[in-house]
Amino acid sequence: MAREINLTDIGDHFGEKVQKVVRKATFKAEADIKFFTPQDTGRLIGSWDRDIKPFIGVVFTDVEYAEPVAYGTNLPPSWGGRYRTRRQTIKGYPELVAKQLEEYIKNEFRKA
């Protein structure tokens, strides 16, 4: 049976749904990024964090070498101009995680 919502309450209803989905998607994004982050000392994996506001979720790190590891850009001189990690890490894996989240968010919003 379909849920009945008064027209005056529709904004609150959808706002609650969006906030719920933002929260779930941000936690999933953090978990997926940590999964794909190569592990050496574990510092980079442990540094990923999240900030969730009502309609915005952000996953971030303050580790200085996160950009070269995650995106293959701004490589340090010690890398000799080559992207390299100890695992077969894919350059840009945070963007790939974000792309996969699109379908996840659609499905979660339908369920919410």
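All values derive from a computational prediction rather than experimental measurement.

What counts as what
Residues numbered from 1 in each chain as written. Predicted model: local features only at pLDDT ≥ 70, side-chain atom pairs only at ≥ 80, totals over all residues. Heavy atoms only, no water. Core = buried A, V, L, I, M, F, W, Y, C linked by side-chain atoms within 4.5 Å. Buried < 20%, exposed > 50% of the residue type's maximum accessible area, 1.4 Å probe, protein only. Helix = DSSP H or I, 4+ residues; strand = E, 2+ residues; numbered from the N terminus. Contact = heavy atoms within 4.5 Å. Patch = residues over 30% accessible without salt bridge, like charges linked within 9 Å, V, L, I, M, F, W, Y side chains within 5 Å. Areas by Shrake-Rupley, 256 points an atom, 1.4 Å probe, with all protein chains shown as cover. Salt bridge = Lys/Arg side-chain N within 4 Å of Asp/Glu carboxyl O. Polar contact = N/O pair within 3.5 Å; in protein donor to acceptor, adjacent residues only side chain to side chain. Phe/Tyr/Trp six-rings, centres within 6.5 Å; stacked < 30°, edge-to-face > 60°. Lys NZ or Arg CZ within 6 Å of the ring centre and 35° of its normal. Expected span 1.5 Å × (residues − 1). Bend = angle between axes of the 7 residues up to and from the residue.

Here we look at the nonpolar core
And step 1. Residues Ile 33, Leu 44, Trp 48, Val 69 and Tyr 93 are the most contacted members of the largest nonpolar core, which totals 13 residues.
And step 2. For this core, the secondary-structure elements that each account for two or more residues are helix H1 (10–36), helix H3 (66–71) and helix H4 (93–111).
And step 3. Among residues more than four places away in sequence, those in contact with Tyr 93 are Ile 33, Phe 36, Thr 37, Pro 38, Leu 44, Trp 48, Val 69 and Ala 70.

What about a nonpolar patch on the surface?
And step 1. Taken together, Phe 55, Ile 56, Val 58 and Phe 60 make up a surface patch of nonpolar side chains, about 370 Å² in accessible area.
And step 2. Here Phe 60 lies in strand E2 (residues 56–60).
And step 3. Among the residues examined, Phe 60 registers a relative accessible area of 38% and is labelled partly exposed.

Focus: the side chain of Glu 108
And step 1. Note that Glu 108 resides in helix H4.
And step 2. Looking at Glu 108, the relative accessible area reads 7%, which means it is buried.
And step 3. Of note is the side chain of Glu 108, whose polar atom sits 2.6 Å from the side chain of Lys 24.
And step 4. Only 2.9 Å separates the side chain of Glu 108 from the side chain of Lys 111, close enough to count as a polar contact.
And step 5. If near-sequence neighbours (up to four positions away) are discounted, Glu 108 is found in contact with Val 21 and Lys 24.

Re the packing of aromatic side chains
And step 1. Evaluation of the coordinates by the stated rule reveals 3 aromatic pairs.
And step 2. Pairing Phe 35 with Phe 36 gives two aromatic rings, centres 5.1 Å apart and planes at 85 degrees, and the pair type is edge-to-face.
And step 3. Between the NZ or CZ atom of Lys 28 and the centre of the ring of Tyr 104, over which it lies, the distance is 5.4 Å.

A short note on H4
And step 1. The end-to-end C-alpha separation of H4 is 27 Å, in line with the 27 Å expected for 19 residues at 1.5 Å each.
And step 2. Residue Glu 102 marks the point of greatest curvature in H4, where the axis turns by about 30 degrees.
And step 3. Every buried residue of H4 is listed here: Tyr 93, Pro 94, Val 97, Leu 101 and Glu 108.

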